[in-house]
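Notes for the structure review
One letter stands for each residue in the lines below.
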Amino acid sequence: QVQLVESGGGLVQAGGSLTLSCAASGRTFSSYAMGWFRQAPGKEREFVAAISRGAGSTGYADSVKGRFTISRDNAKSTVYLQMNSLKPEDTAVYYCAAVNRPPGTWSHRPNEYGYWGQGTQVTVSS
């Protein structure tokens, strides 16, 4: 079992920045690739970013590429999502998730992730 707890969400003006954190406990954090997903009201959950077990490979949705950065600190069992140049359309509940994947790989498919946090709300005002 892996328990995930997100933090860092809030209200920010368009153009601003936020950093989300996701702290993991339970099984060895470094055994899991990690992903960030988001879900806006009335919409399906969508992929935002992911990072491989050793942080050697990352991936981003086109909508956030160049603005968001995913990183992880395996010593602290924490994954981060640095969000810059935020737009109103980034407003959503953001979830972190963990998936057991081979080294150097990650996934953009939410149904592959077996562990999820409770989510943190990000609201971007125009």
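The paragraphs below set out a description of the structure included in this document. All residue numbers refer to position in the chain's written sequence, counted from 1. Thresholds applied to this predicted model are a pLDDT of at least 70 for local features of residues and 80 or more for the giving and counting of side-chain atom pairs; totals over whole chains, interfaces and linings are not thresholded and use all residues. Side-chain measures were taken over the full set of non-hydrogen atoms in the model, leaving aside hydrogen atoms and water.

1. Thoughts on the overall build of the protein chain
- Along the protein chain, the regular secondary structure elements total zero helices and 11 strands.
- For the protein chain, the α and β elements follow one another from N to C terminus as β-β-β-β-β-β-β-β-β-β-β.
- In terms of C-alpha radius of gyration, the protein chain reaches 13 Å, essentially the compact-globule figure of 14 Å for 126 residues.
- If you line up the protein chain on its principal axes, its C-alpha atoms span 40 × 25 × 25 Å.
- Burial classes follow relative accessibility: with a 1.4 Å probe on protein chains only, a residue under 20% of its type's maximum area counts as buried, one over 50% as exposed, and anything between as partly exposed. Each of the 126 residues in the protein chain was classed as buried or not, and the buried ones make up 41%.
- The long-range share in the protein chain, meaning contacts at least 24 apart out of those at least 6 apart in sequence, stands at 60%.
- In these tables, accessible area is a Shrake-Rupley quantity obtained with a 1.4 Å probe, and a residue counts as shielded only by the protein chains included in the view. Summing over all exposed atoms, the protein chain offers an accessible surface of approximately 6100 Å²; the carbon and sulfur share of this is 47%.
- For the protein chain, the separation between the mean place of its 12 positive charges and that of its 8 negative charges on side chains is 6 Å. Here a strand is any run of E in DSSP of at least two residues, a helix any run of H or I of at least four, and the numbering for each starts at the N terminus. Note that the radius of gyration is over C-alpha atoms, with the globule rule given as 2.2 Å times the number of residues to the power 0.38. Note on definitions: a residue-residue contact is assigned when non-hydrogen atoms from the two residues lie within 4.5 Å. We score Asp and Glu as negative and Lys and Arg as positive, and we do not count His or the chain ends. By convention, the charge on Lys lies at NZ, on Arg at CZ, on Asp at CG and on Glu at CD.

2. Quick look at the pattern of salt bridges
- For this analysis, a salt bridge means a side-chain nitrogen from Lys or Arg found within 4 Å of a carboxyl oxygen belonging to Asp or Glu. For the structure shown, the criterion picks out six salt bridges.
- With its nearest N and O atoms 2.6 Å apart, the salt bridge here joins R38 to E46.
- Among the ionic pairs, K65 bridges to D62, the shortest N-O distance being 3.2 Å. The exposure classification of K65 matches that of D62, with both residues exposed.
- A network of salt bridges, in which partner residues are shared, links R38, E46, R67 and D90.

3. Focus on the pairing of strand 8 (residues 78–83)
- Strand pairing follows a simple DSSP-based rule, namely that at least 2 bridges must link the two strands. As paired strands, strand 3 (residues 18–26) and strand 8 are joined by six bridges and run antiparallel to one another. Note on strand 8: the bridge partner recorded for T19 is Q82.
- Bridge count between strand 7 (residues 68–73) and strand 8: six bridges; the pairing is antiparallel. Among the inter-strand pairings, I70 is bridged to a residue of strand 8, identified as L81.

4. Remarks on the state of the cysteines
- Disulfides are defined in this document as cysteine sulfur pairs within 2.5 Å. On inspection of all chains with the given rule, the structure shows one disulfide.
- Shown here is the disulfide that connects C22 with C96, its sulfur atoms set 1.9 Å apart. A torsion of 45 degrees about the S-S bond marks the disulfide between C22 and C96 as right-handed. Here the residue C22 occupies a position in strand 3, and C96 occupies one in strand 9 (residues 92–99), the gap between them amounting to 74 residues. With respect to burial, C22 and C96 carry one shared label: buried.

5. A word on the nonpolar core
- Counting 36 residues, the largest nonpolar core has M34, W36, L81, M83 and Y94 as its most contacted members.
- Of all elements in the fold, only strand 1 (2–7), strand 3, strand 4 (33–39), strand 5 (46–51), strand 7, strand 8, strand 9 and strand 11 (120–125) reach the threshold of two or more residues within this core.
- With six residues, strand 9 is the largest single contributor of residues to this core. For the purposes of this section, nonpolar cores are sets of buried Ala, Val, Leu, Ile, Met, Phe, Trp, Tyr and Cys residues that join through side-chain atoms within 4.5 Å.

6. Focus on the sheet that holds strand 3
- In spatial order, the strands read 1-3-8-7; together these four strands make up an open sheet with antiparallel pairing. In this open sheet, the two strands that pair with only one neighbour each are strand 1 and strand 7. On average, adjacent strands in this sheet sit at an angle of 15 degrees to one another, irrespective of strand direction. For every element, the axis is a line fit to its C-alpha atoms; helices are fit only across the contacting stretch, and the angle between N-to-C directions ranges from 0 to 180 degrees.

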